[in-house]
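Each chain, letter by letter, is given below.
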Amino acid sequence: GAGVSQSPSNKVTEKGKDVELRCDPISGHTALYWYRQSLGQGLEFLIYFQGNSAPDKSGLPSDRFSAERTGGSVSTLTIQRTQQEDSAVYLCASSLIHMTSGVSGRLDEQFFGPGTRLTVL
Amino acid sequence: GESVGLHLPTLSVQEGDNSIINCAYSNSASDYFIWYKQESGKGPQFIIDIRSNMDKRQGQRVTVLLNKTVKHLSLQIAATQPGDSAVYFCAETFYGGATNKLIFGTGTLLAVQP
């Protein structure tokens, strides 16, 4: 199906190395979100892209984290100098737009990918 | 600060019984709430949502109740099936916000016993 895809599904890296995580949103979705899910925890918002607007980076935990979205489609989350506390599942979600039509009152649904499990040794 | 929490981290029910999963939220400005289901190895999947101008919404076998007075949200699953076994998250957001980023609770593991 044409859902959100993420790669790699699993990544094991050594402390201090850089990693790149990729997200392919659903075609046509203009809004893209990155979340982090630590073991036994809920999802934590990291960053949000909407069209050509400046991204909302308010959830990034440190300046070691950055993300790009090229051509309004694929996004890459980069973690530099990884630390053990960065170990988590990184989830990407996309939605058609971020504002609801207002008719049903339903916010445009965020469709999640399967996530990338990052393990920092 | 903003937070969404769950009363029960684990809920074990018998197949066929009804399940109730509870959630408390603290941000009174939140006006849109969603329940997600997450199966092992998968991303969260939308179940049902509710706006703050409603106190109840029903879907297929699921009902969400919202009590704004005590800032409480619940998910009721009727006739629970083994396929309902998963972690359930509540999430909140502010409808008029710039990003509609979701604030998630820590999750409740629902275990359905055959």
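Cut-offs and rules
Residues numbered from 1 in each chain as written. Chains lettered and ligands numbered in written order. Predicted model: local features only at pLDDT ≥ 70, side-chain atom pairs only at ≥ 80, totals over all residues. Heavy atoms only, no water. Helix = DSSP H or I, 4+ residues; strand = E, 2+ residues; numbered from the N terminus. Buried < 20%, exposed > 50% of the residue type's maximum accessible area, 1.4 Å probe, protein only. Contact = heavy atoms within 4.5 Å. Areas by Shrake-Rupley, 256 points an atom, 1.4 Å probe, with all protein chains shown as cover. Disulfide = S-S within 2.5 Å. Phe/Tyr/Trp six-rings, centres within 6.5 Å; stacked < 30°, edge-to-face > 60°. pLDDT = per-residue confidence, 0-100.

Tallying secondary structure elements over chain A gives 0 helices and 10 strands in all. Counting from the amino terminus, helix and strand elements in chain A follow one another as β-β-β-β-β-β-β-β-β-β. The buried share of chain A, reckoned over its 121 residues, is 48%. Put simply, of all contacts in chain A between residues at least 6 apart along the chain, 57% involve residues at least 24 apart. For chain A, the accessible area works out to roughly 5900 Å², and carbon and sulfur atoms hold 48% of it.

Here we take up the state of the cysteines. For the structure shown, the criterion picks out 2 disulfides over all chains. The partner cysteine of Cys23(A) in its disulfide is Cys92(A), sulfur to sulfur 1.9 Å. One quick way to see it: the torsion about the S-S bond of Cys23(A) and Cys92(A) is about -65 degrees, and its sign makes the bridge left-handed. Taken together, the residues Cys23(A) in strand β3 (residues 19-24) and Cys92(A) in strand β8 (residues 88-95) connect sequence positions 69 residues apart. For the pair Cys23(A) and Cys92(A), one class covers both residues: buried. Cys23(B) shares a disulfide with Cys90(B); S-S distance 1.9 Å. Measuring handedness by torsion sign, the sulfur bridge of Cys23(B) and Cys90(B) sits at about 60 degrees and is right-handed.

Before going further, it helps to spend a moment on the packing of aromatic side chains. Under the definition given, this model contains 11 aromatic pairs over all chains. When the centroid spacing of 6.2 Å and the interplanar angle of 80 degrees are considered together, the rings of Phe112(A) and Phe104(B) count as edge-to-face. Of the two residues, Phe112(A) sits in strand β9 (residues 111-112) while Phe104(B) sits in strand β10 (residues 103-104), which places them in two different chains. Like Phe112(A), the residue Phe104(B) is buried in the burial classification. Considering the side-chain rings of Phe89(B) and Phe104(B), the 6.2 Å spacing of their centres and the 85 degrees angle between planes classify their relative orientation as edge-to-face. Of the two residues, Phe89(B) is situated in strand β9 (residues 86-93) and Phe104(B) in strand β10; the sequence distance between them amounts to 15 residues.

The subject of this paragraph is the environment of Gly59(A). All names here are of chain A. Structurally, Gly59 is set in the loop between β5 (43-50) and β6 (65-69). Between the C-alpha atoms of Gly59 and Tyr35, which are 24 residues apart in sequence, the distance is 8.7 Å. Non-local contacts of Gly59, meaning those with residues more than four positions away in its chain, are made with Glu44, Phe45 and Leu46.

The next thing to look at is the confidence of the model for chain A. Reading predicted coordinates in detail is not appropriate for stretches of low pLDDT. A residue-level look at chain A finds 89% of positions with pLDDT of 70 or above and a mean pLDDT of 88. Here residues 100-105 of chain A is modelled with pLDDT under 50, and outside its nearest four sequence neighbours on either side it reaches 8 contacts, counting other chains as well.

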